[in-house]
Structure formats: C-alpha cells, structure tokens
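What follows is each chain in one-letter form.
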There are 2 protein chains.
Amino acid sequence: MMPFLTEMWGTPSAPHQKGQELYSAIRDSYKQLYSFLGAKEEDTFVLTSSGSEAVNHVIHSVYRETTLPTGKNQFLTSKVDEAPAIMAVGALERLGCVGKMVPVNNQGLVTAESLATALSPRTALLSLSWGNGLTGPIQPLGELSALCRQRGILLHLEATHILGKLMFSLEETGADFITFNGDQLHGPRGTGGLWVRHGVKCAPFISGGSDQGGLRAGALNVPGLVGLAAACKEGADSVDYICTEIARLRDKLENGIIEKIPETSLFFRNQERLPHVTSMAFPGVSNEALLFLLNRKGICASIGGGHFQQLALMLIESGINEKTAQEALSFSLSRYTTEQDIDEAIPLIVESVIQLQKLSQKLVS
Amino acid sequence: MMPFLTEMWGTPSAPHQKGQELYSAIRDSYKQLYSFLGAKEEDTFVLTSSGSEAVNHVIHSVYRETTLPTGKNQFLTSKVDEAPAIMAVGALERLGCVGKMVPVNNQGLVTAESLATALSPRTALLSLSWGNGLTGPIQPLGELSALCRQRGILLHLEATHILGKLMFSLEETGADFITFNGDQLHGPRGTGGLWVRHGVKCAPFISGGSDQGGLRAGALNVPGLVGLAAACKEGADSVDYICTEIARLRDKLENGIIEKIPETSLFFRNQERLPHVTSMAFPGVSNEALLFLLNRKGICASIGGGHFQQLALMLIESGINEKTAQEALSFSLSRYTTEQDIDEAIPLIVESVIQLQKLSQKLVS
C-alpha cells in the first residue's frame, strides 16, 4: 500500500499523469479480487469502506431496484444474522417495508422449511450471514438458494467468515450479491467488497459521480484496494492450511479444555462449521467476567457486540437455554495461530474458568 | 498511520487489549479534528470514508429525521453544487421528495433573493458547496444562514475547499452540518468527515451497530482517523500561508498568463474567492485539447467531472457564454506549490495555448 499512501496519490478518474500511473496497480488488484471470488469478468465488484457499508448497499439497492418498481417489500434475514443486515432492514421498515428474521434450528441453521414458511409473494430479498463468525455454523445454501430462485427472491450472502476459510464455487452458491469486510480477512481497515452477479440490477448507495461505474461515489481508495487485493490473494493461498492445520488446532483447543473441565458445553461441534471458530460455555461462569479475566492474561475472546449480535442471543435462538448461553464465549483462530499459542492458551483458560467457578460458588454459599 | 496499519490492528470497540491500546491515539485524533473545525465538545463528529459519503449521510439523515416525521420534502442545492449533493437529492426524488437547484448570479453566488424565491414551507434542507473548488467563489453565508434559520431550514455546507484555506468561525456560519473530503486536505484516501451541530438530529446512513455512537456502522478506521487528524492539524497551521503566499502565486500565474495572452478571460477575480484556485478561458482553444496537451508537459489542470460538476456547465450557470465556457480550464495550487513551479508553468501554459490557437486557426482557414 505504501507507494499509494505516499508518492502515488493521484485520483484515478482524473485525466492526467497522476491518475494514469495508478492504472496497472488498479487493474492487477481487481484481477486478484475477481480471481479470489471466482467471479466472471462481466460480474460487478464494488470496493466499499467496510462489510457494513456493502451490506447496507445491497439492501438499499434492492429497495430501489425491486421494491420501488414492483412493490415487493418483504426483506428476510435470519435470527442469527449480524447487525448491519438486521438494522439496514430496520431502516427500510420506516419506508413501508416489512422485515422478518427467519428462525434457525438447533444447529443454528435456516432450513428450507423455515424459509418456505417465512417468505411470501412480496419477498424481495433473503440476506444471510453465510458462516457465523462467532459460533461456526455454515448455512445450507443449496436448498435455500434453489427456493429463492424458484420464488423470484434475490439472495445476498454476507461472506466475511467464509472467504479465505472455505473452498466454494461462486456459481453453485446461487447468490446474487456477496459482501465481505476487508479487515477481518487481514486486509486494511476501511475496506470491504460487494460482488453483484452479472444481470442483477444494482443502484448506488453513495451517490454522486461516475466513480466505480457510477455505483459508488468518492475517489477510488487505491491504497485500500491494493491492500485488500493482496490480503485476498494471501487468503486464497491459505484456505487449505486453515481447513486442515488451523482446524486441528481449534479441535486441540476444544479437547484440551474439555479434558480438564468436562462439564463445558461445546456448541455446533458435530456439524459442518467454520474451521477457525469455536464457542463454548462454562457452567457457573459469567461470560463477561471470563472475557475480562482472559484479557488480562493476553487472550482475546468475544461475546459478540459491535457489528455482531450478542453471542448469547444467537445461542438462545438455536435452542440453548438462557443460563448456558450467558456463560458462553467465542474463540477465533487465524492462520497466524500457532501450536504454541494453543498449548499456552489451554491452561490459562482452564485456570481462569476454575478461578471464576470457585468465586461464584463462594458468592452462592 | 503506520503503527495502525501494522501492529496496532485491534478493533476499538472490542473489550480487550488490542482494542484498548488504540484509545489514546483515537482521543488525540478527535481532539485535533474538533480543534481544526472549532467544534464544541458536545457537537458530533462522524468519520466517514469520503466527502461523498458524508454528503449522502446528511441528505439521507434529513430525509429520515425531518421529511418522514414532518412531511417537509423539498431539498435545495445550488446550480454550481457538486455531484454528491445533487445526486443524493436525486435519489430522494424517487421517494417522493422534490429537489431544486437554486440559480446563482454572475459571481457564481446564491443570493438571499434567489434562495427566498426557491424555498417553500416544505423546504427541509439547503445543501451548499461553501467554496467552489474549481472556480473559487465563496458563498455569502451570513444572509443565507439567517434566512434558513428564520424559515426553519437546515443548512449543510460542503466545506472541503474551505477547510485549511480560510479562517472561519463555526458558530458564525450558522451551519447545522459540515462535511469534507479527507484526501483533498492532504489526508489519506478513504477518509472524510461529518460535523453535526449539538442538538441537530442525525440518523445513521450506514446502519448496523454501535460504532461511532451508532451513527456509522463498521469498525472505526483508526489509521484513517489518525492520518486525517494529522492532515487537518497541518492544514490549520498553513491557512495563513495559503491566504498570503499561495494567493500571491495564484495571482502571479494569472498575471503571467494574461500578460502574454491578453484575450484570456479570468473568472471571478474581483470578488471574495478561494486563495488557491483560478479558472480561465482561452479564446479559440478547446479546453479538453489544452488539458491533454498540458498533461504531456507535466501540468495537471481540470475541466471538472468525477464528483465535480463540469466546469463549463457551472460557468454557463454563472452567465458566461457557452463558447467561452467550453474554453475554460481550472488550475489549483496547494501549500506545496513553489514560486519555481509557477515560473515554469506560465511559459508552458502560454506556449500550449498559442500552439492550439494556431492549430484551430488552420482548421478554420
């Protein structure tokens, strides 16, 4: 990114040298991104400033391109979706749209049956978080996308936690829109992407000029584009490693913990799930207390929030009882996680859990 | 920006060390930005990904917070405004709003009279480009903001070309919203800002979480924030230099050209205008041809486009005849422009103009 943050500061849309000298880097970056996604040349890719912006872009675009001309005003998400989709649909509700969150089963999955129950002739869009970045379940696309196609419903997949983690065929997803956040793929802050299948209408979200084919105003963020493309290339190269070695380390973490604390609840373990994520609950331990104690020991975990939903709420939607859900924590590995990291983390997590269990027993007694 | 693009990659909203270690840099950056704008602590500042996003944010926010609850659905811009405001209002027209571009006088200015004629009891917002980055005129805020206040109209100023170029009192502008683009202030690509006066309602544009007080979803772009704040600090420190030395160099450029080509039309010269911008027209010279010829000689000029309007169209709106407008070019200096730059540019511009004038005479004869 450095040349583009320093000497090569031109605006690509400006018809002079400072703009033109950026062309080859821009072209190479788009090629890397298209290749990473498995996109066709005639598909559209919009560089956004975040996954959140990309999700808002999709939902507002469908409102403009489908709802306004056809009256189809129902927008579906799932009960375990992330905040941008749910809240962008919420914003449309003030304009006369109807949002509905499709329930999930006890595997955290939207089924064809629950989708069939939720949809109506007025459904414009199903927006799904493809793989859940806190709990791991991967939505069963085959059935869902077939149903969407059959009923004339556009399908948006938020794919941040899938990209670079799982192999897939873009064609087979059946998606019309795919969005992702750059910094969660080791790309630079302030980047994200929106892919639009060729032939699907897309309106601008940020209006105001001819940049990015008129689909996003504002001078192209060239350093961001170059950094994101490099991150995606590295991501593509490490999918195998993530699916084998990192999945093994994640399993080692789970096994190491459950060996010492057998009463731990491990969620979504016996199903298809993301290779780098695990969530678990420790009886008698408040997840917030554990989160803060682990932080002091150098371990970063998550209970959701930010653009995620609360972990506890998503677990409750998946049929986990409320008390257990409030005791749950999510751990996430990356391709930089080492065996040594895991070997050090297990005893730290175990001792922290036991420490808090003792404390809570004292408080009760 | 470097530490925040490398080791300090945490998410500020995440409750652990990698997030917390960012706090002091974030706090210092916001302080610099508030100080640069002259904002009060209780005012709101939203870091956006561009000026275009910030402008869209204002216009959509006014739609949600004013139009939907009150029915006030008229949005005013000016005939010399930039593309994001005009096109964001255009997007609202599909939702039942009415956009109107207020005419300008032959100084390129919106007058209180033309505003009074254009507004109605249903006017929600006046959105103005405060200083025109291609032609230089500075809108007369006193009268306009008084009229807006008196008639209950919100006032948005797009201030990209004013910030770091002119001293002003935020209070005296009477503005409710101020937006700007970061990279045009020597900040990093992918940054912009939105200031909201304390007490003015603002809705999120990118929905989806609690980041930036719920006003903009997506993890805070910390490297962008830090870079933008540093650029604004440098911008504040160089206002005097721009208003004196750079204005002198701009005048030297104008005088040097008109001395050799006395038939040059210089626009908006005898009025209050930006210190670093000039626009001029050379009889018998197509501005596109001149733009490309100058580019080959290392001089970057502009005829508008991108997020700007076409220069020619803005000049026509200001009463310049169409033929002259099509011969016009805009030059812009920065604090890095040197006397030597200007001394070298004058003969290059002059020889290019004469070369093209001869060519066009040949074509005619």
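As the structure is a prediction and not an experimental result, all values here were calculated from the model. (Residues numbered from 1 in each chain as written. Chains lettered and ligands numbered in written order. Predicted model: local features only at pLDDT ≥ 70, side-chain atom pairs only at ≥ 80, totals over all residues. Heavy atoms only, no water.)

Which residues make up the packing of helix 4 (residues 51-70) of chain A against helix 5 (residues 83-93) of chain A, and what values do they have?
All names here are of chain A. It is the contact of helix 4 with helix 5, at a shortest axis distance of 9 Å, that shows an interaxial angle of 35°. The two elements helix 4 and helix 5 cross, and the hand of that crossing is right-handed. Only Pro-84, Ala-85, Ala-88, Val-89 and Leu-92 of helix 5 make contact with helix 4, whose side of the interface consists of Ser-52, Val-55, Asn-56, Ile-59, His-60 and Tyr-63. For the contact of helix 4 with helix 5, the residue count by class is 8 nonpolar, 3 polar and no charged. (Axes fitted to C-alpha atoms, helices over the stretch in contact; angles between N-to-C directions. Helix = DSSP H or I, 4+ residues; strand = E, 2+ residues; numbered from the N terminus. Left-handed = near helix turned anticlockwise from the far one by under 90°. Contact = heavy atoms within 4.5 Å. Nonpolar A, V, L, I, M, F, W, Y, C, P; charged D, E, K, R; others polar.)

Mind laying out the confidence of the model for chain A, listing which residues take part and the relevant values?
Mean pLDDT over chain A stands at 95; residues scoring 70 or higher make up 99%. Both scores are given for the predicted complex: the pTM is 0.96, the ipTM 0.94. (pLDDT = per-residue confidence, 0-100.)

Hey, could you go over the interface of chain A and chain B for me, with residue numbers and the actual values?
Chain A puts 54 residues into the contact, and the matching count from chain B is 54 residues. Interface area, chain A with chain B, both sides summed: about 4000 Å², of which 55% is carbon and sulfur. It is Arg-64, Arg-94 and Arg-189 of chain A in chain A that bury the most area against chain B; as a group they hold 18% of the surface buried on that side. Where chain A touches chain B, the interface holds 0 salt bridges. Counting across the interface, chain A meets chain B through 18 residue pairs in polar contact (both at pLDDT 80 or more). Counting residues per element, the ones that place at least two in the side of chain A that touches chain B are helix 1 (2-5), helix 2 (17-20), helix 4, helix 5, helix 9 (222-237) and helix 11 (287-296) of chain A. Looking at the side of chain A that touches chain B element by element, the count peaks at 8 residues for helix 4 of chain A. Considering only residue class, the side of chain A that touches chain B consists of 25 nonpolar, 21 polar and 8 charged. (Buried area = accessible area lost by both parts, 1.4 Å probe. Salt bridge = Lys/Arg side-chain N within 4 Å of Asp/Glu carboxyl O. Polar contact = N/O pair within 3.5 Å; in protein donor to acceptor, adjacent residues only side chain to side chain.)

Could you give an account of unusual backbone geometry, naming the residues involved and the relevant values?
Residues and elements named next belong to chain B. Phi is positive for His-186, which is not a glycine, with a value near 65°. Position of His-186 among the secondary structure elements: in the loop between strand 6 (177-181) and strand 7 (192-196). We classify His-186 as partly exposed; its relative accessible area is 36%. Its identity is not glycine, yet Gln-212 carries a phi of approximately 50°, on the positive side. (Buried < 20%, exposed > 50% of the residue type's maximum accessible area, 1.4 Å probe, protein only.)

Give a description of the sheet that holds strand 9 (residues 277-281) of chain B that names residues and reports values.
Residue and element names in this part refer to chain B. Sheet architecture is open: 3 strands sit in the order 8-9-10, paired in antiparallel fashion. With partners counted over all chains shown, the strands left at the sheet margins are strand 8 (265-266) and strand 10 (328-332), one partner each. With 2 bridges connecting them, strand 8 and strand 9 associate as antiparallel partners. Along strand 9, the bridge assignment pairs Ser-265 with Ala-281. Packed on one face of the sheet, helix 10 (residues 239-260) meets strand 8, strand 9 and strand 10 and runs near 15° to strand 9. (Pairing = 2+ DSSP bridges.)

Before we move on, can you summarise helix 11 (residues 287-296) of chain B with the specific residues and values?
Residues and elements named next belong to chain B. Taken as a whole, helix 11 has its buried residues at Asn-287, Leu-290, Leu-291, Leu-293, Leu-294 and Asn-295. You can read the cap of helix 11 off the contacts: a side-chain oxygen lies 3.3 Å from the backbone nitrogen of Glu-288, and it is on Ser-286. In the stretch just after helix 11, Gly-298 is the one whose phi turns positive, near 90°.

Please provide a residue-by-residue account of the side chain of Arg-273 of chain B, values included.
Residue and element names in this part refer to chain B. Relative to the elements of secondary structure, Arg-273 occurs in the loop between strand 8 and strand 9. Residue classification places Arg-273 among the buried residues on the basis of a relative accessible area of 11%. Of the polar contacts made by the side chain of Arg-273, one reaches the side chain of Glu-254; its length is 2.8 Å.

Account for the relation of the copies chain A and chain B, with residues named and values stated.
When chain A is brought onto chain B, the operation consists of a screw motion whose angular component is 180° and whose axial shift is 0.0 Å, with 0.0 Å RMSD remaining. Those values place the two copies in the arrangement expected of a two-fold rotation axis. Across chain A, the smallest distance between a C-alpha and the rotation axis is recorded for Ser-49 of chain A, namely 3.1 Å. By residue overlap, the copies meet face to face through one surface: 100% of the interface positions of chain A are interface positions in chain B. (Least-squares fit on C-alpha atoms with pLDDT ≥ 70 in both.)

Any chance you could break down the domain arrangement of chain A for me, citing the residues and the numbers?
Residues and elements named next belong to chain A. Once the domains are mapped, chain A shows domain 1 (2-237) and domain 2 (239-364). Here the C-alpha centre of domain 2 lies 29 Å away from the C-alpha centre of domain 1. Taken together, the 35 residues of domain 1 in the interface contact 29 residues of domain 2. Both faces considered, domain 1 and domain 2 share a buried interface measuring about 2700 Å² in area, 61% of it formed by carbon and sulfur atoms. Summed over the shared surface of domain 1 and domain 2, the number is 1 salt bridge. Ionic pairing is found between Glu-234 and Arg-335, a salt bridge with its closest N-O pair at 2.9 Å. For the pair domain 1 and domain 2, the interface holds 7 residue pairs in polar contact (both at pLDDT 80 or more). Mapped onto the side of domain 1 that touches domain 2, the elements with two or more residues apiece are helix 5 and helix 9. At 4 residues, the largest contribution of residues to the side of domain 1 that touches domain 2 is made by helix 9. (Domains from an automatic or database assignment.)

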